[in-house]
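Structural description and commentary
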Amino acid sequence: MFQRLQTKLTVLYAGLFALALSVVAVAVYVAITSNAQRTVRQEMAGSGAVFDRVWALRTQRLHDGAELLSRDFGFRAAVATHDRPTVESAIANLRQRLGLDLAFTVGVDGEVVGLDPARLNLETLWSALDAEDGAQGVFTIDNKPYQLISAPILSPTLTGWIVFAARLDEPEMLALEKLSAIRLDAQVFDQRSGHWVSADRGPVDKPLAAFVGRAMHDKLLEPVLLRGGADSLVLVKPIKALDRGGGAALVLRYPMAQAMAPYRPLMAAVLIVGLLGATLVAAASWALSRGLAKPITALDIAARRLQRGEDVTVEVTTRDEIGRLAESFNLMAAEIREREAEMIRQALHDGETGLPNRRALERAIEKRLAAVGPGEQVIIAAIGFDRFTQVRAAIGYELATELVAKLGQRIFEIAPGVLVARMTTSIICVVSDSNNLDDLLKIVEEALPALEAPIELGGEPVDVHITQGLAATTLGELDAARLIERSLIALDQARAAHRKFMAFDAAAYGDPSANLSLMSEMLEAVRKGELYLNHQPKLDLRTGAITGVEALARWNHPTRGFIRPDLFVGMAEETGHIRALTDYVLAQAIEDQARLRAAGHDVLMSVNISGRLIDDHAFAQYAIAQVAAAGARLCFEITETAVIGNPDVALSVLDRLAEADIPVSIDDYGSGLSSLAYLKQIRADELKIDKAFVTSLEAGDKDALLVKSTIDLAHSLGMKVTAEGVETREGLAALQLMGCDLAQGYHVAKPMGLEKLIAFLGEWSIELPARDDARKTA
């Protein structure tokens, strides 16, 4: 509800004080009220006693008057002789002397003298007078209560009663009220027709009348608090009534408002003092809570600033708990700053060399990009150690790492304004302070001898050979990561071009993403059968017949056009899709060979098998099964280097092919890392000499000698020899004379589709350039 500590404390303190003040005020009010009620009760009890006394004296006075008149001889004689004028005169005389409201006689025969009988309930009155000598009590005349006193008239027998009546009206009650020390409200209630009514003043107070009835029924003789619109203490004193079926009561009432009136100034004083106290407490609480909350607020603000990474310190103004908390916060902030600095240092530096790392490099590039102007470039160079693996194997990991660190230090000494960061184990990246790539290339060339000067490690000089790739960007062209990537690509391009340094060549790099999608399209083309095979014939140099063909995969893309085989085959090998492509070529070659057979041409069909599949037993099992199931005559062409990766497995796969009577041909012999050790282990049936040696045979130089030696070596190992790239009749003649078994090349035929091949084979004839006797002589 309250968000601020200062507000909470203020509300808490002020609330507690208000609660305490309320408790005190309630206690005071209850005590005052109780005291006021006790005082009023005492006064009402006293007034009641006074009323009893006054009522008794009044009764006695009236009774004495009635007794006096009833004993008067002349009066009794007048009553006995029914001398009405004498009786009325005597009654009027005495009523005047005594100050009575009413005075009359009631004869034993019910005759009333001195008062109109119609004003009386004569039967009730007569019964009351007859039942008791000297009956007295409250009696209603003209619907108004009167105090009646009677005395019998004896002459000497009972002839009637003399009755005196005093009105219990408002003046009477006011006279009674004046006898009390407090301003009581006195009323006489009498019961009429079962209801208690007050006939002496004003309208009937129903709650009070009901209370009188309950008090009379329960015989309550003590003042009782009557709650209503205005609380009041009420004392009900029963009064004897002459009507046996009814009753009468004197009701004394005192409003509590009047009882509390003397205490109102005190209550007002307590309320004012309480309000002033509450105000003072609220103000003091506000000031106190502000004093407590201010340093806490300062700590909260400081904590938030610390969370945002700001350097913050809070002021320590006290020595209490809050002051010590502020000191602890400052210590914590200092430790956090130290740890953060160490974490940043570790996050931005290489742990081995102490050079900035890739993240620091990216930050530096981003900072430079934000500062360059229009047309200016941010240039970085990726400097890679050549043959670092061999160097590290020779001098050890620790010295190799030191070598990298010292090269980084050397770069910084040569160009103090640059940032040197370690990108990988053997590559350092440099953010140049130059804004022009052409100028920087010149600087790099000039600084190359100094950079490649031997570095002393452990007291011994170590040669340094490096290659550099440079990349540049302008603001908005590349981000830091892409710029670094381009410098690394430039490094690879420089190494591939055997250059010491070069800038990123976008044209040579091409569009790798397009090549990646090309693989998906190739798989779709394989599935739909959109690839096809061309076949290049192989000429038997002994018989002049076409005894074999080499199946070559071709792809005419519907939108990109004809795609070079070395592009999609090489990418299939690199991306792991070569198996799908090979499966397609294998199946298509079997089908094409079957069609050739059907056309009357039984030729050996060669299929190129990628080095990625040579050590794959699953592929070997599949290929053997396909060939066996079709009864095909296929020859698998492999490169010698394909065996080098996993020789044991690859040689075992070749053994399985040999056992399945599938010939194996060693392709492109002489172009790679030919090894006589592997050559003697491979169970091959054919060796294909690379065209690089064949195309220059006519010159009769060293290539001819190498080709002749290779043919002799292959024959010695039991293999036939096929010469690739035969493009002239002279070359064909030279191969024939050298004893080569087969020739393949444009001079024989270019690769062609199956239909053309069938036609070609049907029309084929050749006159070999060398005769058999010449070959024998050679």
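Read on for an overview of the structure. Just so we're clear, the structure is a prediction, and the values are computed from it rather than from any experiment.

In this section: the overall build of the protein. Of the regular secondary structure elements, the protein holds 27 helices and 26 strands. For 778 residues, the compact-globule estimate of 2.2 N^0.38 gives 28 Å, and the protein exceeds it by more than 25% at 68 Å. For the protein, the spread of C-alpha atoms along the three principal axes comes to 210 × 75 × 45 Å. When the 778 residues of the protein are sorted by exposure, 42% land in the buried category. Element-wise, carbon and sulfur atoms account for 55% of the exposed surface of the protein, whose accessible area totals about 40,400 Å². Averaging the positions of the 80 positive and the 101 negative side-chain charges in the protein gives two centres separated by 8 Å.

Within the structure shown, the criterion is met by 5 aromatic pairs. Ring geometry for Phe 760 against Trp 764: centres 5.3 Å apart, planes inclined by 45°, an arrangement best described as tilted.

Our focus in this paragraph is unusual backbone geometry. One non-glycine residue, His 82, adopts positive backbone phi at about 60°. The exposure class of His 82 is exposed, given its relative accessible area of 53%. Residue Asp 668 is not a glycine yet carries a positive backbone phi of 55°. With respect to the helices and strands, Asp 668 occurs in strand S23 (residues 664-669).

The two faces of a sheet get side chains in turn, since along a regular strand they alternate between them. Of all 8 residues making up strand S11 (residues 378-385), 8 are buried, and the element is well covered by its neighbours. Residues Val 378, Ile 380, Ala 382 and Gly 384 of S11 are buried on one face, and the alternating residues Ile 379, Ala 381, Ile 383 and Phe 385, pointing to the opposite face, are buried as well. Strand direction decides the pairing type here: S11 and strand S16 (residues 466-473), joined by 8 bridges, are antiparallel. Bridging from a neighbouring strand, Val 378 pairs with Thr 473 of S16. Here S11 pairs with strand S13 (residues 427-431) via 5 bridges, running antiparallel. When the sheet's bridge partners are listed, Gly 384 is paired in S13 with Ile 427.

Attention shifts here to the nonpolar core. Ranked by size, the top nonpolar core spans 79 residues in total, and within it Phe 568, Leu 581, Leu 634, Phe 636 and Leu 735 carry the most contacts. Of all the elements, helix H18 (residues 578-598) adds the most residues to this core, at 8 residues. Setting aside chain neighbours within four positions, we find Phe 568 in contact with Met 519, Met 522, Leu 531, Ala 553, Arg 554, Trp 555, Ile 563 and Leu 581. Ranked by size, the runner-up nonpolar core spans 24 residues in total, among them Ala 36, Val 40, Met 44 and Leu 176.

It is worth spelling out the pairing of strand S12 (residues 419-422) at this point. Pairing between S12 and S13: 4 bridges, direction antiparallel. Note that in S13 the partner of Arg 422 across the bridge is Ile 428. Taken together, S12 and the strand that follows it, S13, pair antiparallel across an intervening segment of 4 residues.

All buried positions along helix H26 (residues 754-763) are accounted for by Leu 754, Leu 757, Ile 758, Phe 760 and Leu 761. Projected down its long axis, H26 shows its buried positions confined to an angular sector of 165°, all on one face. Counted as exposed and oriented over 90 degrees from the buried face of H26: Glu 755, Lys 756, Gly 762 and Glu 763.

Turning to the pattern of salt bridges, a few remarks are in order. Applying the stated rule across the entire model yields 37 salt bridges. Close ionic contact of Glu 342 with Arg 345 constitutes a salt bridge, the shortest N to O distance being 3.1 Å. Taken together, the residues span about one helical turn, with Glu 342 and Arg 345 both in helix H9 (residues 321-348) at a distance of 3 residues. For Glu 342, a relative accessible area of 34% corresponds to the partly exposed category. Of the residues examined, Arg 345 reaches a relative accessible area of 41% and is grouped as partly exposed. When the shortest N-O distance is used, the salt bridge between Glu 637 and Lys 688 registers 2.9 Å. Here Glu 637 is found in strand S22 (residues 634-639), whereas its partner Lys 688 is found in strand S24 (residues 686-689), with 51 residues between them in sequence. For the pair Glu 637 and Lys 688, one class covers both residues: buried.

The rules behind these values
Along each chain, residue indices are assigned from 1 in the same order as the chain's sequence is written. Only residues with pLDDT of 70 or above have their local features reported here, since the model is predicted, and side-chain atom pairs are shown and tallied only from 80 upward, although totals for entire chains, interfaces and linings are computed over all residues. As a rule here, side-chain values come from all non-hydrogen atoms in the structure, and water together with hydrogens is ignored. Strands here mean DSSP runs of E at least two residues long; helices mean DSSP runs of H or I at least four residues long; both are numbered from the N terminus. As defined in this context, the radius of gyration uses C-alpha atoms, and a globule is described by 2.2 Å times the residue total to the power 0.38. We call a residue buried when its accessible area falls under 20% of the maximum for its residue type, exposed when it is over 50%, and partly exposed in between, using a 1.4 Å probe and counting protein chains only. Here the accessible surface of atoms and residues is derived via Shrake-Rupley with a 1.4 Å probe, and residues count as covered only by protein chains that are part of the display. Only four residue types enter the tally: Lys and Arg on the positive side, Asp and Glu on the negative side, with His and both chain ends excluded. Charge positions come from single atoms, namely NZ of Lys, CZ of Arg, CG of Asp or CD of Glu. Pairing of aromatic side chains here covers Phe, Tyr and the six-membered ring of Trp, requires ring centres within 6.5 Å, and sorts the geometry by plane angle: under 30 degrees stacked, over 60 edge-to-face, intermediate tilted. When DSSP locates at least two bridges between a pair of strands, those strands are taken to pair. What is meant by a nonpolar core is a set of buried Ala, Val, Leu, Ile, Met, Phe, Trp, Tyr and Cys residues, joined one to another through side-chain atoms within 4.5 Å. Two residues form a contact once any of their heavy atoms are found within 4.5 Å. Think of it as the arc spanned by the lines of direction from the helix axis to the C-beta atoms. When a carboxyl oxygen of Asp or Glu is within 4 Å of a side-chain nitrogen of Lys or Arg, the pair counts as a salt bridge.

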